[in-house]
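# Geometric and topological summary
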Amino acid sequence: MRIIVMAGTSDAVHIINHLAKHEDIEVIATTTTKYGGDLAVSAGADEIIVGRLGVHEIADLISVNKIDLLVDATHPFASEASINAVKAAHNSRIKYIRYERPSIKIPKNENVFEVSSFHEAGTKALKFINENPNAKMMYLAGVTTLRQITEIIKPELTVARILPMVYSIKKCLEIGIPSQNIIAMQGTFSKEFNKALMKEYATCVIITKESGESGGTPSKISAAVELKIPIILVKRPTIPELEKEIIFSDMDNLLKSVVDQTKI
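Residues numbered from 1 in each chain as written. Predicted model: local features only at pLDDT ≥ 70, side-chain atom pairs only at ≥ 80, totals over all residues. Heavy atoms only, no water.

### Notes on the overall build of the protein
Across its full length, the protein holds ten helices and twelve strands. Along the first, second and third principal axes, the C-alpha atoms of the protein reach 60 × 35 × 30 Å. Each of the 264 residues in the protein was classed as buried or not, and the buried ones make up 48%. Within the protein, contacts between residues separated by at least 24 positions form 69% of all contacts whose residues are at least 6 apart in sequence. Just so you have it, the protein exposes about 13100 Å², and 50% of that area is on carbon and sulfur atoms. With 31 positive and 31 negative side-chain charges, the protein shows a spacing of 5 Å between the two charge centroids. (Helix = DSSP H or I, 4+ residues; strand = E, 2+ residues; numbered from the N terminus. Buried < 20%, exposed > 50% of the residue type's maximum accessible area, 1.4 Å probe, protein only. Contact = heavy atoms within 4.5 Å. Areas by Shrake-Rupley, 256 points an atom, 1.4 Å probe, with all protein chains shown as cover. Lys, Arg positive; Asp, Glu negative; His and termini not counted. Charge placed at Lys NZ, Arg CZ, Asp CG, Glu CD.)

This is the structure we're talking about:
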């Protein structure tokens, strides 16, 4: 059985690692970055495809490699990738399965704010910055959406924690983030480590996204709450295209379902 795993997350690494142990399963992993590709290879993927893929590119990959199943394990905020995957799977008449990491329960606290978009997050954070002229905003939501924030908040007032990748660092510098405000580190991080960074950079407000437990969201929230720093969480996007699809939030159930299909 030949499977595409749309990867780039810790969840995908776990899925690939498990499937690679089965001799009758061949895994082709797709990622948007070389770093994600390296993780997929180390997990046991037979082949990797690096780059952003549209509907036609995914469909071609399915056709050329005679793919039987597509497993979408992309990030909850990678909505475009999931939409493209669903359309390509339907057009190619193969099965599509989505792994959606579980959401977390957001604590009720006067310093925890939920918003529906990055623009709304930036606008809300700006109010806290204006009240604290010598402090900075810490951005913990990935380099992809950073420009949406710096269009509202000055780059020099933004501290961005990003993956230690050349692409991410260059993106920050292009946007105008000062080098001393770039924290290039691989997570996830403990509550205590998050607290240390927040204090070190004189943080007055934090922006992150609801990426689930595996994305380190609980420790970010806990750190901010203990320091009484406002933290703004961008809620996950709703993807109508997934409403009728098979979605697992339990990793064991997903893996069992995929392996069972090799026996059909």
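Additional details are given in the paragraphs that follow.
### Looking at the pattern of salt bridges
In total, this model carries ten salt bridges according to the counting rule given. One salt bridge in this structure joins D72 and R98, with 3.0 Å as the shortest N-O distance. Here D72, found in strand β4 (residues 69-72), pairs with R98, found in strand β5 (residues 95-99); they are 26 residues apart in sequence, far enough to count as distant. The closest approach of N and O atoms between E100 and R98, which form a salt bridge, is 3.0 Å. Each of D72, R98, E100, E210 and R236 takes part in one network of salt bridges that share partners. (Salt bridge = Lys/Arg side-chain N within 4 Å of Asp/Glu carboxyl O.)

### Comments concerning unusual backbone geometry
When glycine is set aside, most residues are seen to have a negative phi, and most peptide bonds are trans. The backbone of R93 sits at a positive phi, close to 60°, despite the residue not being glycine. Residue class for R93 comes out exposed when judged on its relative accessible area of 79%. The phi torsion at K228 lies on the positive side, around 60°, for a residue other than glycine. Under the relative-accessibility criterion, K228 is labelled exposed at 67%.

### Details of the nonpolar core
The nonpolar side chains of soluble globular proteins are, as a tendency, buried together. Of all hydrophobic cores here, the largest spans 26 residues; its most connected members are M137, Y139, L146, C172, V205 and I207. Those elements that provide at least two residues to this core are α5 (118-131), β7 (136-140), α6 (146-150), β8 (158-162), α7 (166-175), β10 (203-209) and β11 (231-234). Ranked by residue count, the leading element in this core is α5, at five residues. (Core = buried A, V, L, I, M, F, W, Y, C linked by side-chain atoms within 4.5 Å.)

### Some words on the packing of helix α1 (residues 10-19) against helix α2 (residues 34-43)
At a minimum axis distance of 8 Å, the contact between α1 and α2 shows a crossing angle of 30°. With respect to their mutual orientation, α1 and α2 come out roughly parallel. Judged by the twist between their axes, the crossing of α1 over α2 is right-handed. Of α2, the residues touching α1 (which contributes V13, I16 and N17) are L39, A40 and A43. Classifying every residue of the contact of α1 with α2 gives five nonpolar, one polar and no charged. (Axes fitted to C-alpha atoms, helices over the stretch in contact; angles between N-to-C directions. Parallel < 35°, antiparallel > 145°, perpendicular 65-115°, else oblique. Left-handed = near helix turned anticlockwise from the far one by under 90°. Nonpolar A, V, L, I, M, F, W, Y, C, P; charged D, E, K, R; others polar.)

### Comments concerning the environment of M198
Looking at the secondary structure, you find M198 in helix α8 (residues 191-200). For the pair M198 and M138, spaced 60 residues apart in sequence, the C-alpha to C-alpha distance is 7.5 Å. Setting aside anything within four residues of it in sequence, one finds M198 in contact with M138, L140, T203, I206, K220, A223, A224, L227 and I229.

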